[in-house]
Amino acid sequence: MKCMTILRNAISRPMLTGAGLLLMLAATAGAQGVFVPASFLVLGDAAGDNLGYSISGAGDVNNDGFDDFVVGAHQNDENGSNAGSATVFSGTNCAILYTFYGDAAGDLFGVSVSGAEDVNNDGFDDLIVGARDDDDNGTNSGSARVYSGFDGTILRTFLGDSPLDAFGISVSGAGDVNNDGFADLIVGARADDNNGAESGSARVFSGIDGSILYTFNGDNANDFFGHSVSGAGDVNNDGFDDLIVGAYLDDNNGSGSGSARVFSGIDGSILYTFNGDNANDNFGISVGGAGDVNNDGSDDLVVGANLDDNTGTDSGSVRVLSGMDGAILHTFNGDAAGDYLGFSVDGAGDVDNDGFADLVAGAYFDDNNGTSSGSARAYSGATGDTLFTFIGDGPFDNAGFSVAAAGDANNDGYDDLVVGSPLDDNAGADSGSARVFFSAIAPCAPQVAQCPGDADGNRVVNFADITEVLTFFGLPCP
């Protein structure tokens, strides 16, 4: 597996403050600010690996002060055809810290990955990886495995209950659900039959001993509850971290309208149920904790509905919901029919460092750089404005199939993002790729009178400089 640092030529215009402007991609009329000061580009090993199908920030796995990231390649063949893999990369230099492999052919290990925070409380952040088609408890019963950030050893292995449960289709760190000082986990099993065929379930596990804290079940057959799961932060501000689970085929507002449910960490009670607006919206295809978007002291939620038709058939949408009262804070819509915005969503951390948590969402069928080249968009939590848009390199790359907050990968005080393109062909057909986008380069050193790239004069080179650059050139702003 290869990881490269991508740097782009500076644009130098002496009439602008800070000659040697922001390192960036060329702007195009149809692209809203596709700009990168620098980035890490990770490539799959071989054709068909689908690296980037799943991605996540990993926290600080090696405890070096830089946040790391994990990328899944669920069709990697190292341990047998489609056994799958998950690789952890250093935020410092993109070096490989660990590569974990599925146990056997067909496991699809790496179909889901997540940072798990510090599960064993040893000062190193840990990881969780799902293997949807693992057969340990029956055909495609599924599994999820927790790995130590300290040394890569297996801390826990959780198994699906029954054949065809697809346990591990989704995994996430859950925060400290029971407030015992150890980070907990949540795993989805969208095809579990506890409340009818494929009603689905999600299970919360204790970090301290692996015991089951809660099992949540879908309401009805074919809900696919648990297709998406996430820690939600402390939604009701009671000191216990909460959970969110998506059921994108729930029928509460019409067939396949979808839903997302928020559960209390303190007692497992339902805090909110949010429903898709219309039939076939697929609301809940993706869910995430959003952080405190409106800075009111309560953590908020983000939910994707990739088949919403607000701006054309299957244009897709993303909804940001208040943790305090469930009110809609923002709705973001795909640009055009068939974009599938909202197939992936996540809280982005504070990308622009304004004190408000931001959001990121993927639209893997977006055609900005060729058919299904894909895109990912970062949104301001404070205003709902688009901060920047990342576009796939070429047709059928499917950039934005997965998106995630990367934490502060380069330790510059600005949160970064990671975007997956599982059908990128850089190392063979559908080998896949993932790219970390840095929101800023390190602030200017005090002794530097004029910082290269600092177009707006705030002594930090970041995406805020883009508007200054584009205005000068008479191009559309992001």
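All residue numbers here refer to positions counted from 1 along the written sequence of the relevant chain. Selection of residues for local features in this predicted model requires a pLDDT of at least 70, selection of side-chain atom pairs for listing and counting requires 80 or more, and totals for whole chains, interfaces and linings are taken over all residues. No hydrogens and no water enter the side-chain calculation; it runs on all heavy atoms of the structure.

## A closer look at the overall build of the protein chain
Turning to step 1, where the next piece is worked out: Only runs of H or I of at least four residues qualify as helices and only runs of E of at least two qualify as strands under DSSP, and these elements are numbered from the N terminus. Each helix and strand in the protein chain was counted, giving one helix and 29 strands.
Turning to step 2, where the next piece is worked out: Within the protein chain, contacts between residues separated by at least 24 positions form 53% of all contacts whose residues are at least 6 apart in sequence.
Turning to step 3, where the next piece is worked out: Accessible surface, the protein chain: about 16,000 Å² in total, of which carbon and sulfur atoms supply 47%. Contacts between residues were defined by any pair of non-hydrogen atoms, one from each residue, lying within 4.5 Å. Residue exposure ignores everything except the shown protein chains as possible cover, and the areas themselves are Shrake-Rupley values with a 1.4 Å probe.

## Digging into the packing of aromatic side chains
Turning to step 1, where the next piece is worked out: The aromatic pairing rule takes the rings of Phe, Tyr and Trp, using the six-membered ring of Trp, and pairs them if the centres are within 6.5 Å, calling planes under 30 degrees apart stacked, those over 60 edge-to-face and the rest tilted. The tally for this structure, following the rule as stated, stands at 23 aromatic pairs.
Turning to step 2, where the next piece is worked out: On the basis of an interplanar angle of 85 degrees and a centroid distance of 5.5 Å, the ring pair of tyrosine 340 and tyrosine 364 is categorised as edge-to-face. Of the two residues, tyrosine 340 sits in the loop between β22 (328-333) and β23 (344-349) while tyrosine 364 sits in the loop between β24 (358-363) and β25 (375-379), which places them 24 residues apart along the sequence. In terms of burial, tyrosine 340 and tyrosine 364 fall into one category: buried.
Turning to step 3, where the next piece is worked out: Through pairs of rings, three or more aromatic residues link up here, namely Tyr53, Tyr340, Phe343, Tyr364, Phe365 and Phe401. For every residue, the accessible area (1.4 Å probe, protein chains only) is compared with the maximum for its type, and the residue is labelled buried under 20%, exposed over 50%, or partly exposed between those bounds.

## Focus: the pairing of strand β6 (residues 96-101)
Turning to step 1, where the next piece is worked out: When DSSP finds two or more bridges between a pair of strands, those strands are recorded as paired. Pairing of strand β5 (residues 85-89) with β6 involves five bridges; the strand directions are antiparallel. Each bridged residue has a counterpart across the sheet, and for valine 88 the counterpart in β6 is tyrosine 98.

## Re the pairing of strand β7 (residues 109-117)
Turning to step 1, where the next piece is worked out: Most of β7 is tucked away, with eight of its nine residues classed as buried.
Turning to step 2, where the next piece is worked out: Relative to strand β8 (residues 126-131), β7 is paired through six bridges, and the arrangement is antiparallel. Opposite serine 114, over in β8, you have isoleucine 128 as the bridge partner.

## Considerations on the nonpolar core
Buried together is how nonpolar side chains tend to be arranged in soluble globular proteins.
Turning to step 1, where the next piece is worked out: Nonpolar cores were defined as sets of buried Ala, Val, Leu, Ile, Met, Phe, Trp, Tyr and Cys residues, with membership established by side-chain atoms within 4.5 Å. Counting residues in each nonpolar core, the largest one holds 16 residues, and the members touching the most others are Phe69, Val71, Val418 and Val436.
Turning to step 2, where the next piece is worked out: Those elements that provide at least two residues to this core are β2 (38-43), β4 (68-73), β27 (402-407) and β29 (433-437).
Turning to step 3, where the next piece is worked out: Top element by residues in this core is β4. It accounts for three residues.
Turning to step 4, where the next piece is worked out: Not counting residues within four places of it along the chain, the set of residues in contact with valine 418 comprises Ile55, Phe69, Ser402, Val403, Ala404, Ala405, Ala406, Arg435 and Val436.

## Here's the deal with unusual backbone geometry
Apart from glycine, the bulk of residues carry a negative phi angle, and the bulk of peptide bonds sit in the trans form.
Turning to step 1, where the next piece is worked out: Phi angles above zero are rare outside glycine, and asparagine 179 is one such case at about 55 degrees.
Turning to step 2, where the next piece is worked out: As for its position among the elements, asparagine 179 is in the loop between β11 (167-175) and β12 (184-189).

## A word on the sheet that holds strand β16 (residues 242-247)
Turning to step 1, where the next piece is worked out: Read from one edge to the other, the open sheet built from four strands follows the order β15-β16-β17-β18, with strand pairing classed as antiparallel. The open sheet has two edge strands, β15 (225-233) and β18 (270-275), and neither has a second partner. Neighbour to neighbour, the strand axes of the sheet diverge by 20 degrees on average, direction disregarded.
Turning to step 2, where the next piece is worked out: Pairing of strand β17 (residues 259-263) with β18 involves five bridges; the strand directions are antiparallel. Paired with valine 262 across the bridge in β18 is tyrosine 272. Axis lines are fitted to C-alpha atoms, over the contacting stretch for helices. Their N-to-C directions set the angle, which ranges from 0 to 180 degrees.

## Thoughts on the sheet that holds β12
Turning to step 1, where the next piece is worked out: With respect to topology, four strands assemble into an open sheet ordered β11-β12-β13-β14, the strand pairing being antiparallel. Of all strands in the sheet, those with a lone pairing partner are β11 and β14 (212-217), marking the two edges. Each adjacent strand pair in this sheet contributes to an overall mean axis angle of 20 degrees, direction not counted.
Turning to step 2, where the next piece is worked out: Looking at chain direction, strand β13 (residues 201-205) and β14 are connected through five bridges and run antiparallel. Directly across from alanine 202, in β14, lies its bridge partner phenylalanine 216.

## Side note on the environment of serine 264
Turning to step 1, where the next piece is worked out: Its place among the elements puts serine 264 in the loop between β17 and β18.
Turning to step 2, where the next piece is worked out: The exposure class assigned to serine 264 is buried, which follows from its relative accessible area of 1%.
Turning to step 3, where the next piece is worked out: Taking C-alpha positions, serine 264 is 8.7 Å from aspartate 234, a pair spaced 30 residues apart along the chain.
Turning to step 4, where the next piece is worked out: With residues up to four places along the chain from it excluded, the contact list for serine 264 reads Tyr214, Asn236, Asp238, Asp242, Ser269 and Leu271.

## What about the pattern of salt bridges?
Turning to step 1, where the next piece is worked out: Any Lys or Arg side-chain nitrogen located within 4 Å of an Asp or Glu carboxyl oxygen qualifies as a salt bridge. Applying the stated criterion to the full structure yields seven salt bridges.
Turning to step 2, where the next piece is worked out: Across the pair aspartate 393 and arginine 435 runs a salt bridge whose closest N-O atoms are separated by 3.4 Å. Taken together, the residues span a long stretch of sequence, with aspartate 393 in the loop between β26 (386-391) and β27 and arginine 435 in strand β29 at a distance of 42 residues.
Turning to step 3, where the next piece is worked out: For aspartate 393, a relative accessible area of 42% puts it in the partly exposed group.

## A short note on the side chain of threonine 389
Turning to step 1, where the next piece is worked out: With respect to the helices and strands, threonine 389 occurs in strand β26.
Turning to step 2, where the next piece is worked out: In this structure threonine 389 comes out as buried when scored by relative accessible area, which is 0%.
Turning to step 3, where the next piece is worked out: Whenever two N or O atoms come within 3.5 Å, that pair is a polar contact, provided that in protein one can donate a hydrogen and the other can accept it, and provided that, for residues adjacent in sequence, both atoms are side-chain atoms. Within the local environment of threonine 389, its side chain forms a polar contact with the side chain of arginine 377, the two groups lying 2.8 Å apart.

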